[in-house]
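# Secondary and tertiary structure notes
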Amino acid sequence: MKSATKYIHAGSHPDPSTGAIMTPVYQTSTYVQEAPGVNKGYEYARSQNPTRTALEEALAVIENGKFGLAFSSGVAATDAVIKLLNPGDEVICANDMYGGTYRLFTKVFERFGIVFRYVDTTSAANVEAAVTPKTKLIWLETPTNPLMNITDIASVAAISKAHKLILVVDNTFASPALQNPLDLGADIVMHSATKYLGGHSDVIQGALVMNDVELRDKLYFIQKSCGAVPGPMDCFLVLRGIKTLGVRMKAHCENGKRIAHWLKDHPKVSKVYWPGFEDHAGYAVASKQMKGFGGMISFELKNDSVEEAKRVLSSTHLFSLAESLGGVESLINHPASMTHASIPREERIKNGLSDSLIRLSVGIEDADDLVEDLAKAIG
Ligand SMILES: *Cc1c(COP(=O)(O)O)cnc(C)c1O
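My aim in this report is to walk through the structure given alongside it, one point at a time. Just so it is clear, the structure is predicted and the values come from calculations on it, not from any experiment. (Residues numbered from 1 in each chain as written. Predicted model: local features only at pLDDT ≥ 70, side-chain atom pairs only at ≥ 80, totals over all residues. Heavy atoms only, no water.)

### Examining the site of the ligand
Rules: Throughout this document, a residue counts as near a molecule or strand when at least one of its heavy atoms sits within 4 Å of that molecule or strand. Under the rule applied, a polar contact is a pair of N or O atoms within 3.5 Å (in protein, one hydrogen donor and one hydrogen acceptor; residues adjacent in sequence only if both atoms are side-chain atoms). Every accessible area reported is derived by Shrake-Rupley at a probe size of 1.4 Å, with residue values counting cover from the shown protein chains alone. Secondary structure is summarised from DSSP: a helix means a run of H or I of at least four residues, a strand means a run of E of at least two, and numbering begins at the N terminus for each. Only Asp, Glu, Lys and Arg are considered charged in this grouping, and only Ala, Val, Leu, Ile, Met, Phe, Trp, Tyr, Cys and Pro are considered nonpolar; every other residue, Gly among them, is considered polar.
Taken together, 13 residues sit near the ligand, with G74, D170, S192, T194 and K195 positioned nearest. Contact between the ligand and D170: a nitrogen atom at 2.7 Å from a side-chain N or O atom of the residue. Side-chain polar atom of S192 to an oxygen atom of the ligand: 2.8 Å apart, as the coordinates give it. Isolated, the ligand exposes 380 Å² of accessible area, and the fraction of that covered by the protein chains is 94%. Secondary structure elements with two or more residues in the shell around the ligand: α3 (74–82) and β6 (188–192). Its residues placed into classes, the shell around the ligand shows 4 nonpolar, 6 polar and 3 charged.

Below you can see the structure in the form of structure tokens.
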């Protein structure tokens, strides 16, 4: 089945009690049993909920995986993955990941004795060099947030397999419409469903998709034991969001391309980070592993001061100044003071994330209006 069809039909079955075409919001905490131990597969809603089951099935289908698990947020999904590990185990991860992932790793899991090795994963050789006998897991994010660095998933998957590690890819920025890490050899795909999967900035949710049943069982055990499950209304919203993922991502890619090129030609812009440029370091790999370059763009101004960046950030009208991304409406963000404020300044600058960097989540409004808005703000 082609993806556009999958997005609309994945996980949808007419409701058995009424025939309702849309999965009902099963707003319940428990299920009445016919006799002790005799039930319809649903016992208590932390463990199972039919709206969540439908969503988890859809998640698996759209990422070309066998099993999906939904969580109360993206970081809750990440949290569940790291709980597969034991004290002393090592994780290799990218040095410019999502700030909340970095915070979870350094401020929470380091206290439990998990060791994180931050490397530039855009070179698979760096990943290989960081492997020790204690390494258990590799955590990738590609494209990265906010510098749009690209890691070759298949090359890292080969290293991961050779050392019998678990390869996890945070696929939030690409979405399943542009990149399917399981097809490239990853073991687990993670999503902040808050972003492109939900697509309408109205829900916080996370997702994991995998093929291995043992891994699924372990993660399901963590999901129900730790309890970071999404409510049924949130599952309904993400199910609905997924239906338009195909058309939305097409529009995000078109608008992203138009704005990236417009910015690149602008006399007051010094640098534009977007993987669709042929002179972007990750262009060849992105062209190979992605079906489109997306609507996430970062740029720096020739006047490289925080003041000038802040002036532009406060001057747009259609681009709303806000954290987050992946919704139908365009957002503008200052990583240094917003999404990435939890990363120490020296660490940020070292990784190329300057004080004046501006990040755009290009929405699906008319591109002419978006260009006009940016033109007025940049001046
Ligand atoms: C937002 C985001 C997360 C965290 O997801 P939440 O739903 O906010 O908990 C993780 N990774 C990336 C790349 C993100 O953009």
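Having put the structure on the table, let's press on.
### Describing the environment of I188
Of note, I188 is situated in strand β6. Sequence separation between I188 and A124 is 64 residues, and the spatial gap between their C-alpha atoms is 18 Å.

### Focus on the sheet that holds strand β8 (residues 269–273)
Short version of the rule: In this description, strands pair whenever DSSP reports at least two bridges between them. We call two residues in contact when some of their heavy atoms are within 4.5 Å. The angle between two axes is taken between their N-to-C directions and runs from 0 to 180 degrees, where each axis is a line fitted to C-alpha atoms and a helix contributes only its stretch in contact.
Taken in spatial order, the 5 strands line up as β8-β9-β12-β11-β10 in an open sheet, and their pairing is mixed. A single partner strand is all that each edge strand has here, and the edge strands are β8 and β10 (320–321). Bridge analysis of strand β11 (residues 331–333) against strand β12 (residues 358–361) gives 3 bridges, and the strand direction is antiparallel. For L331, the partnering residue across the bridge sits in β12 and is S361. Sitting on the sheet, helix α9 (residues 245–264) touches β8, β9 (296–301) and β12, and the angle it makes with β9 is about 10°.

### Here we look at the packing of aromatic side chains
Applicable threshold: In summary, the pairing rule links any two rings of Phe, Tyr or Trp, Trp by its six-membered ring, whose centres are within 6.5 Å, and it sorts them by plane angle into stacked for under 30 degrees, edge-to-face for over 60 and tilted for everything else. Residue exposure (1.4 Å probe, protein chains only): buried if accessible area is under 20% of the type maximum, exposed if over 50%, otherwise partly exposed.
A complete count under the given rule lists 8 aromatic pairs for this structure. When the centroid spacing of 5.4 Å and the interplanar angle of 45° are considered together, the rings of Y31 and Y42 count as tilted. One end of the pair, Y31, is in the loop between α1 (3–9) and α2 (50–62); the other, Y42, is in the loop between α1 and α2, and 11 residues separate them in sequence. Given a relative accessible area of 15%, Y31 falls into the buried group. Judged by relative accessible area, Y42 falls into the partly exposed class, the value being 23%. Taking 5.6 Å as the distance between ring centres and 70° as the angle between the ring planes, the aromatic pair formed by W274 and F293 counts as edge-to-face. With W274 in the loop between β8 and α10 (283–289) and F293 in the loop between α10 and β9, this pair connects stretches of sequence that are 19 residues apart.

### Some thoughts on unusual backbone geometry
The omega angle of the peptide bond from T142 to P143 is -5°, so this bond is cis rather than trans. Structurally, P143 can be placed in the loop between β4 (135–141) and α6 (153–162). One non-glycine residue, K164, lies in positive phi territory at about 55°. Residue K164 is classed as exposed on the basis of its relative accessible area, which comes to 77%.

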